[in-house]
Amino acid sequence: MNRGKAFIAIVGALLLIASCTNKGGNNTITATSNDETESLGDTTMYGICGENSAMHTVELIGDDGKIHQLMINPDDSISPVCGGLLAGDRLAVVAQVVYGDTIVQKAINLTTLQGRWVSIDKNFEIKEGGVVESHLEAETSPWSSWKIYNGHLLLNRDTFDVVALGADSLMIENENGLFGYKRVR
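Residues numbered from 1 in each chain as written. Predicted model: local features only at pLDDT ≥ 70, side-chain atom pairs only at ≥ 80, totals over all residues. Heavy atoms only, no water.

1. Points about the pattern of salt bridges
Right, so step 1: For the structure shown, the criterion picks out two salt bridges.
Right, so step 2: Across the pair Asp63 and Arg90 runs a salt bridge whose closest N-O atoms are separated by 2.7 Å. On the criterion of sequence distance, the pair formed by Asp63 in the loop between strand 2 (57-62) and strand 3 (67-71) and Arg90 in strand 5 (residues 90-98) is long-range, its members being 27 residues apart.
Right, so step 3: Residue Asp63 is classed as exposed on the basis of its relative accessible area of 53%.
Right, so step 4: Lys127 is the partner of Glu133 in a salt bridge, and the nearest nitrogen-oxygen pair spans 2.7 Å.
Right, so step 5: Looking at Lys127, the relative accessible area reads 28%, which means it is partly exposed. (Salt bridge = Lys/Arg side-chain N within 4 Å of Asp/Glu carboxyl O. Helix = DSSP H or I, 4+ residues; strand = E, 2+ residues; numbered from the N terminus. Buried < 20%, exposed > 50% of the residue type's maximum accessible area, 1.4 Å probe, protein only.)

So, in structure tokens, the structure goes:
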């Protein structure tokens, strides 16, 4: 009888665990803290932009040493690539396999993202290694860290979509609105 009760307890525990796992392919981050976002699983691939990248293809030389050939959907009205595809730049890419082809969902050029950005109320520098340095003494809650997670930019505990990234401009968006920044050289 003890084996039967143990078996039922194990099956019950497995069912409970299975009901708590994230089902489906939604990579949207809705968590409010970095500890919670860590548990969702980062699907971002990191690496260097290869010389064979072009308008509709990304060659990613992954941190794992593999060369990944990714496609950019030519039917997308807005390019999923933010910051350009310059050979040798560091990229963060989220992709999905569709009918056997690996399609870029979001690519962020981390080399372009790094630098000093200003707006009316913010003046910060995104540095290598996940560090953000504030250059505005009166700022009440300056960002101090950054990372890319599932194609989103996390600044401290704030999660943003990178809407646009260029040589001199950065636009990010979250539930509080759209924020634009100008690069300071």
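2. Considerations on unusual backbone geometry
Right, so step 1: Positive phi, close to 50°, is recorded for Asn150, a residue that is not glycine.
Right, so step 2: Along the chain, Asn150 falls in the loop between strand 10 (146-149) and strand 11 (152-155).

3. Points about the packing of aromatic side chains
Describing an aromatic ring pair means giving the distance of the ring centres and the angle of the ring planes.
Right, so step 1: With the rule as written, the count across this model stands at four aromatic pairs.
Right, so step 2: Ring geometry for Phe124 and Trp143: centres 5.1 Å apart, planes at 85°, overall edge-to-face. Linking Phe124 in strand 8 (residues 123-127) with Trp143 in the loop between strand 9 (131-134) and strand 10, this pair joins segments that are 19 residues apart in sequence. Take Phe124 and Trp143: they sit in the same class, and that class is buried. (Phe/Tyr/Trp six-rings, centres within 6.5 Å; stacked < 30°, edge-to-face > 60°.)

4. Section: the sheet that holds strand 14 (residues 177-184)
Right, so step 1: Reading across the sheet, the eight strands line up as 9-8-7-14-13-12-11-10 and stay open at both edges, with antiparallel pairing between neighbours. Two strands in the sheet have a free side with no partner beyond their single neighbour: strand 9 and strand 10. On average, each strand axis in the sheet is tilted by 35° relative to the strand beside it, whichever way the strands run.
Right, so step 2: With four bridges joining them, strand 10 and strand 11 adopt antiparallel strand pairing. Within strand 11, the residue paired with Tyr149 across the bridge is His152. (Pairing = 2+ DSSP bridges. Axes fitted to C-alpha atoms, helices over the stretch in contact; angles between N-to-C directions.)

5. Digging into the pairing of strand 5
Right, so step 1: Sheet analysis places strand 1 (residues 45-49) next to strand 5, joined by four bridges and oriented antiparallel. Among the inter-strand pairings, Met45 is bridged to a residue of strand 5, identified as Val93.
Right, so step 2: In this sheet, strand 6 (residues 101-109) lies alongside strand 5 in antiparallel orientation, the contact comprising eight bridges. Among the inter-strand pairings, Val97 is bridged to a residue of strand 6, identified as Thr102.
Right, so step 3: Taking the residues between adjacent antiparallel strands as the criterion, strand 5 and strand 6 are bridged by two residues, where Tyr99 takes a positive phi near 50°.

6. As for the side chain of His152
Right, so step 1: Of note, His152 is situated in strand 11.
Right, so step 2: Residue classification places His152 among the buried residues on the basis of a relative accessible area of 12%.
Right, so step 3: For His152, the side chain forms a polar contact with the side chain of Asp161, separated by 2.6 Å. (Polar contact = N/O pair within 3.5 Å; in protein donor to acceptor, adjacent residues only side chain to side chain.)

7. Let's talk about the environment of Leu154
Right, so step 1: For Leu154, the location among the structural elements is in strand 11.
Right, so step 2: When the C-alpha atoms of Leu154 and Trp143 are compared, they prove to be 9.8 Å apart, with 11 residues separating the residues in sequence.

8. Focus on the pairing of strand 1
Right, so step 1: Sheet topology places strand 1 next to strand 2; three bridges connect them, and they run antiparallel. Across the sheet, Gly47 pairs through a bridge with Gly62, a residue of strand 2.

Shape is all these values report; function is a separate question.
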